[in-house]
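# Observations on the three-dimensional arrangement
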Amino acid sequence: MIYFIVAVLSLALLFAVIRGINGPTASDRIVALDNLTTITTAALVLLGLFFERYIYVDVALIYGVLSFIGVLTMARYMGGGL
Amino acid sequence: MIYLEYLGYFFIVIGVVFLFLGALGIYRMPDVFTRMQAGTKATTLGALGTILGVGLVQPEWFWKTLIIALFIGISNPISSHAVARASHKSGLRPFVKKEDMDALADIKEAKEVK
Amino acid sequence: MDWMAFLVSGLVLILIISAVFSIMQKDLLVAVIGTAAISVVLSILFYLLQAPDVALTEAAIGAALSTIIFLIAIKKTDRFEE
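What counts, and where the lines are drawn
The written sequence of each chain sets the order in which its residues are numbered from 1. Key to labels: chains lettered from A, ligands numbered from 1, both in the order written. Given that this is a predicted model, residues contribute local features only at a pLDDT of at least 70 and side-chain atom pairs are listed and counted only at 80 or more, while totals for whole chains, interfaces and linings are drawn from all residues. Numbered from the N terminus, helices here are DSSP runs of H or I no shorter than four residues, and strands are runs of E no shorter than two. Three exposure classes are used. Buried residues have 20 or more other C-beta atoms within 10 Å of their own C-beta, exposed residues have 12 or fewer, and partly exposed residues fall in between, all C-beta atoms being placed from the backbone. Note on contacts: each residue gets a C-beta atom placed from the backbone, and two residues are in contact if those atoms are within 7 Å. In this treatment the radius of gyration is a C-alpha quantity, and the globule benchmark scales as 2.2 Å times the residue count to the 0.38 power. Residues are grouped as follows: Ala, Val, Leu, Ile, Met, Phe, Trp, Tyr, Cys and Pro are nonpolar; Asp, Glu, Lys and Arg are charged; every other residue, Gly included, is polar. Core membership is restricted to buried Ala, Val, Leu, Ile, Met, Phe, Trp, Tyr and Cys residues, and these are joined into a nonpolar core through C-beta atoms within 7 Å.

### Some details on the overall build of chain B
Along its length, chain B carries three helices and zero strands. Helices and strands appear in chain B in the N-to-C order α-α-α. Looking at chain B as a whole, 39% of its 114 residues are labelled buried. The long-range fraction of contacts in chain B, counting pairs at least 24 apart against all pairs at least 6 apart in sequence, stands at 59%.

Listed below in structure tokens is the structure:
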């Protein structure tokens, strides 16, 4: 079970990183980064389940709150705001 | 409650498969907007399934995982909407058949970014 | 736990690729996206190596604060490098 979950999640990370490397424009890379942060939040909660520590879920909470501010700032910069 | 644990692992496997399908859609789709559609809807469903599945496997963690799931359900469409509007403003156009399908066509483009 | 050695080596490989990509880039917005990706992967690495406090600090600073400061600096100057 753990092997299946880790293999599928690392494959998803690999696809998002490949799109982030050879995306043609900057918007593709921003979309790939957004996808990468969502996959990372889910992966942090799952690793907290595998290690069986309750404290480790706090890292995922802080990361889920703060990660979308960076994507939102990049979008405001591309739209001409900021 | 062994059935709750089985239900939680079922949700985790469904969520992980949907996260993988979202990343595959980002890799395979031809356009920015279709990539955004595949990568946001499937990824939001996958993250919600995974996090609520963890909350079902360990029932003491349920409220904190519910807070994380609620915040992902709010913040992921907001960031996708902002990125779509910014990339339309910076000059990218979607692949449409008819002319009046572009709903944001009357918005002025930003000057300096491309 | 031999899935952990596989996961750590794969994440270190993604980290090195992303750092080299972020250095070689002429478009500075794309370089900022590469820096954010480095922060994401480094946060998972600190989390896997049993240091959740360092992971929390890395997530808070790398995801939100450094991205906003870099984007304000790019907004004041030019986006494309000569």
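Moving on from the coordinates now.
### Quick look at the overall build of chain A
When helices and strands are counted, chain A shows three helices and zero strands. For chain A, the N- to C-terminal ordering of α and β elements is α-α-α. Taken against the 2.2 N^0.38 rule, which gives 12 Å for 82 residues, the C-alpha radius of gyration of chain A at 15 Å runs more than 25% over that of a compact globule. Along the first, second and third principal axes, the C-alpha atoms of chain A reach 45 × 25 × 10 Å. For chain A, the proportion of its 82 residues judged to be buried stands at 61%. Taking all contacts inside chain A whose residues are at least 6 apart in sequence as the whole, residues at least 24 apart take part in 35%.

### Points about the interface of chain B and chain A
For an interface, size is often stated in terms of accessible area lost upon the parts coming together. Taken together, the contact pairs 45 residues of chain B with 38 residues of chain A. Going through the elements one at a time, helix 1 (2–28), helix 2 (32–57) and helix 3 (62–89) of chain B are the ones with two or more residues in the side of chain B that touches chain A. Element by element, the count of residues in the side of chain B that touches chain A is highest for helix 3 of chain B, at 15 residues. Here the residues of the side of chain B that touches chain A are counted per class, giving 27 nonpolar, 13 polar and five charged.

### Here's the deal with the interface of chain A and chain C
The partner chain C presents 27 residues to the 30 residues of chain A that form the contact. Contributions of two or more residues to the side of chain A that touches chain C are made by helix 1 (2–22), helix 2 (26–51) and helix 3 (56–78) of chain A. Each residue belonging to the side of chain A that touches chain C can be placed in one class, and the counts come to 22 nonpolar, seven polar and one charged.

### Side note on the environment of Phe4(A)
The topology assignment puts Phe4(A) in helix 1. The spacing of Phe4(A) and Leu61(A) is 57 residues in sequence and 25 Å in space, taken between C-alpha atoms.

### Some remarks on the nonpolar core
Considering soluble globular proteins, one finds that nonpolar side chains tend to be buried as a cluster. Counting 77 residues, the largest nonpolar core has Ala16(A), Ile39(A), Val45(A) and Leu19(B) as its most contacted members. Looking at this core, the element that brings in the most residues is helix 2 of chain A, giving 14 residues. Leave out the neighbours within four places in its chain, and Ala16(A) touches Ala32(A), Asn35(A), Leu36(A), Ile39(A), Ala23(B) and Ile26(B).

### Looking at the environment of Phe18(B)
Its location among the elements puts Phe18(B) in helix 1. Leaving out residues up to four positions away in the same chain, Phe18(B) has contacts with Ala42(B), Leu45(B), Gly46(B) and Gly49(B).

So, to be careful, I would describe these as geometric facts and stop short of saying anything about function.
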